[in-house]
Amino acid sequence: MAGGSNNLTGTPTSASEKELMKDDYSLSKVPPEKRSMSLLSVANIALGISTAIFFFQMGSVMAIQFGAMNALVSGIYATIVAGIISTIIVYLSAKTGMNVNLLSRGGGFGYIGASLTSLIYASNFIMYCAFEGILMVYAVNEFLPAIPTWVLIVFFGSVVIPLNWFGIKQLDKIQKFTLPIFVIMLAIALIVSFNRASAYEGNFLTFMPEGVQFGGTALLLCIGMQNGLLGLMALLASDYARFLKKEDVKVGKYIIGFFPQLLCFFIMGLIGIWFGVRMAEGNPGVYMVQLLGIGGVFFTILTQVRINITNLYSGSLSLSNFFENIFKFKPGRPFWVIVSGVTSIALMLGGILDHLSGVLIAQGIFLMAWAAILISDAFVVKKLLKIGPTYYEHRQTNLYGWNPVGVVAFIVASLLGSIAGFGYMGTFLENTSAFFSFIIAFIVTIIMAVATKGKYYVREEAKDVPEEEYIAYIHEEMIRKISAD
């Protein structure tokens, strides 16, 4: 950290900095002795994220617009891709004690370059906070239409701020308390919908809108929508996996990495398809109230509060990282919780849900490129090619501001992905633009690492990084150096 400690963990040395950080470690890696959360606790938070009814909405909307089977197949695709990426990111995060913002510093971007990804990351969480928040507004408005929507937006946008104030431990408690309620109420809603006359008489998985067929453009459109979500979900788990106990990493990378993706994209998506087809309604904030009355209002509020406290948490971490690196402004994470919450309220008032499709396309392109760079850097550049250090350095005093390896790869992939996403490279690449940007970023990262010979990863190699945090074993690194000499 600039002006901070150059010790192993990079933790602040002044009392004021320690007070600002508390248990969040928004500006440094989690030290080994603080990686003490049980696998159950971290998994509980990850599951809380995956149970957002926004995933119901995705399944419902895709089924109604493009057919149930197209929606289902796209959910299977998203589960596999996000599951693999997330498992890798969780492993890197738990191994090093760093979230993706900090991993990016030594993972190809440099400390200023990584700040740009932090700002993009934060903006995604703030937008999702608005998407999730507006569903609560729809639910209450469906039950009590007399209350002005702007009043509901301000209320629900504000209520999650104090729930996020004390960080990771408070998130764990809230998720543990609310998960059983969520499961029970979802079961009741499914039973009620099963016993209610369906808007579609056949098997819900056979539903297909008039003029739409299985596969082709309809399936590509569904995949395009999923791509906007899977990049975020794959990266998100790093904010919590970094607190995982060392002995739980081997199993935890699958439980925290893959299983939540199975839950949100396949199981929640399938339930959303069921509700959407039977109720002929794409908005869960509406059909949950139609099924359960005031209970549906409560259910919607409960699930959306669960997800929005995690959205604000991750968004505040990323904003802390960006402003500390670029402007040396460190007011503490609670300050950024307020900023994130107020910004999401403004987006809801501005009608962000009307621009959902465009937002998902852009998010998918940027986040998938970022994920590709981290994976390519870890397993090809660091582990296979042994270019640069085979550990992650996050301390500013040991880093260059910019590393062209990740920065160039990110810019090239984002530009080409955006051109494809706006339809200038044909229908296929338009709807697979996020995956297209992933492939480009992965390849360009390797090319840039070879071209620069790893020169811009660190100013000087650290001697205080524990062996278990290396991507490749230390003795392999030493053999490489001896051979070079």
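What counts and how
- Residues numbered from 1 in each chain as written.
- Predicted model: local features only at pLDDT ≥ 70, side-chain atom pairs only at ≥ 80, totals over all residues.
- Heavy atoms only, no water.
- Helix = DSSP H or I, 4+ residues; strand = E, 2+ residues; numbered from the N terminus.
- Buried < 20%, exposed > 50% of the residue type's maximum accessible area, 1.4 Å probe, protein only.
- Expected span 1.5 Å × (residues − 1).
- Axes fitted to C-alpha atoms, helices over the stretch in contact; angles between N-to-C directions.
- Parallel < 35°, antiparallel > 145°, perpendicular 65-115°, else oblique.
- Contact = heavy atoms within 4.5 Å.
- Nonpolar A, V, L, I, M, F, W, Y, C, P; charged D, E, K, R; others polar.
- Left-handed = near helix turned anticlockwise from the far one by under 90°.
- Core = buried A, V, L, I, M, F, W, Y, C linked by side-chain atoms within 4.5 Å.
- Phe/Tyr/Trp six-rings, centres within 6.5 Å; stacked < 30°, edge-to-face > 60°.
- Salt bridge = Lys/Arg side-chain N within 4 Å of Asp/Glu carboxyl O.
- Patch = residues over 30% accessible without salt bridge, like charges linked within 9 Å, V, L, I, M, F, W, Y side chains within 5 Å.
- Areas by Shrake-Rupley, 256 points an atom, 1.4 Å probe, with all protein chains shown as cover.

**A short note on unusual backbone geometry**
You will see that Ala280, though not glycine, has its phi angle at about 55°, which is positive. Backbone geometry at Lys453 places phi at a positive 55°, although glycine is not the residue there. For Lys453, the location among the structural elements is in the loop between helix H18 (433-452) and helix H19 (474-484). What makes Lys453 exposed here is its relative accessible area of 71%.

**Quick look at helix H14 (residues 333-349)**
The first and last C-alpha atoms of H14 sit 25 Å apart over 17 residues, in line with the 24 Å expected at 1.5 Å per residue. Among the residues of H14, those classed as buried are Arg333, Pro334, Trp336, Val337, Ser340, Gly341, Ser344, Ile345 and Met348. In the segment just after H14, Gly351 is the residue with positive phi, at about 80°.

**Description of the packing of helix H11 (residues 259-279) against helix H12 (residues 284-292)**
Relative orientation of the contacting elements H11 and H12 amounts to 70°, with a least axis distance of 11 Å. One way to sum up the angle between H11 and H12 is to call them roughly perpendicular. Each of Gly272, Phe275, Gly276 and Met279 in H11 lies in contact with H12, whose residues at this interface are Tyr287, Met288, Gln290 and Leu291. Its residues assigned to classes, the contact of H11 with H12 shows five nonpolar, three polar and no charged.

**Things to note about the environment of Met425**
Within the secondary structure, Met425 is located in the loop between helix H16 (404-421) and helix H17 (427-431). Discounting residues that sit within four places of it in the chain, Met425 has contacts with Leu416, Ile419, Ala420 and Phe436.

**Overview of the packing of helix H3 (residues 54-66) against H11**
If you want to describe how two helices pack, look at the angle between their axes and the distance between the axes. With their axes 7 Å apart at the nearest point, H3 and H11 run at an angle of 55° to one another. Classed by the angle they form, the pair H3 and H11 counts as oblique. For the element pair H3 and H11, the recorded crossing hand is right-handed. Along its contact with H3, which presents Phe55, Phe56, Gly59, Ser60, Ala63 and Ile64, the element H11 presents Cys264, Phe265, Met268, Gly269, Ile271, Gly272, Ile273, Phe275, Gly276 and Val277. Each residue belonging to the contact of H3 with H11 can be placed in one class, and the counts come to eleven nonpolar, five polar and no charged.

**Here's the deal with the nonpolar core**
Grouped together as the largest cluster of nonpolar side chains are 141 residues, with contacts concentrated most on Phe56, Ile85, Tyr121, Leu235, Phe265, Phe275 and Trp370. Broken down by element, this core gets its largest block of residues, 18 residues, from helix H5 (residues 100-143). Excluding residues within four positions of it along the chain, Phe56 makes contact with Leu186, Met268, Ile271, Gly272, Phe275, Pro284, Tyr287, Met288 and Phe299. One finds Tyr391, Leu399, Val458 and Val465 within the second-largest nonpolar core, a separate group that totals seven residues.

**Regarding the packing of aromatic side chains**
As enumerated under the stated definition, the model contains 27 aromatic pairs in all. Taken together, a centroid distance of 6.2 Å and an interplanar angle of 70° make the contact between Phe109 and Phe410 edge-to-face. On the criterion of sequence distance, the pair formed by Phe109 in helix H5 and Phe410 in helix H16 is long-range, its members being 301 residues apart. With respect to class, Phe109 is no different from Phe410; both count as buried. Each ring, one from Tyr121 and one from Phe125, has its centre 4.6 Å from the other, and the planes form 75°; the classification is edge-to-face. Within this pair, Tyr121 and its partner Phe125 are both found in helix H5, separated by four residues, close to a single helical turn. Judged by relative accessible area, Tyr121 falls into the buried class, the value being 0%. By relative accessible area, which is 1% here, Phe125 ends up buried.

**Details of the pattern of salt bridges**
If you walk through the whole model with that rule in mind, you get five salt bridges. In this structure, Lys382 engages Asp377 in a salt bridge whose closest nitrogen and oxygen atoms are separated by 2.7 Å. Residue Asp464 is joined to Arg395 by a salt bridge in which the shortest nitrogen-to-oxygen separation is 3.0 Å. Of this pair, Asp464 sits in the loop between H18 and H19 while Arg395 is found in the loop between helix H15 (356-382) and H16, placing the two residues 69 residues apart along the sequence. One salt-bridge network, in which partners are shared between bridges, spans Lys29, Arg35 and Glu469.

**Some words on a nonpolar patch on the surface**
Taken together, the side chains of Ile76, Ile80, Ile84 and Phe258 define a hydrophobic patch exposed on the protein surface, amounting to about 330 Å² of accessible area. Summarising the element assignment, Ile80 is placed in helix H4 (residues 68-96).

**Some thoughts on the side chain of Thr452**
Relative to the elements of secondary structure, Thr452 occurs in helix H18. Classification of Thr452 by relative accessible area gives buried; the value is 16%. In contact with Thr452, not counting residues within four places along its chain, are Pro404 and Val405.

**Some details on H3**
An α-helical turn contains 3.6 residues, so a residue and the one three or four places further along point in the same direction. The end-to-end C-alpha separation of H3 is 18 Å, in line with the 18 Å expected for 13 residues at 1.5 Å each. Of all 13 residues in H3, eleven are buried, a share of seventy percent or more. Positive phi appears at Gly67, one or two residues downstream of H3, with a value of about 100°.

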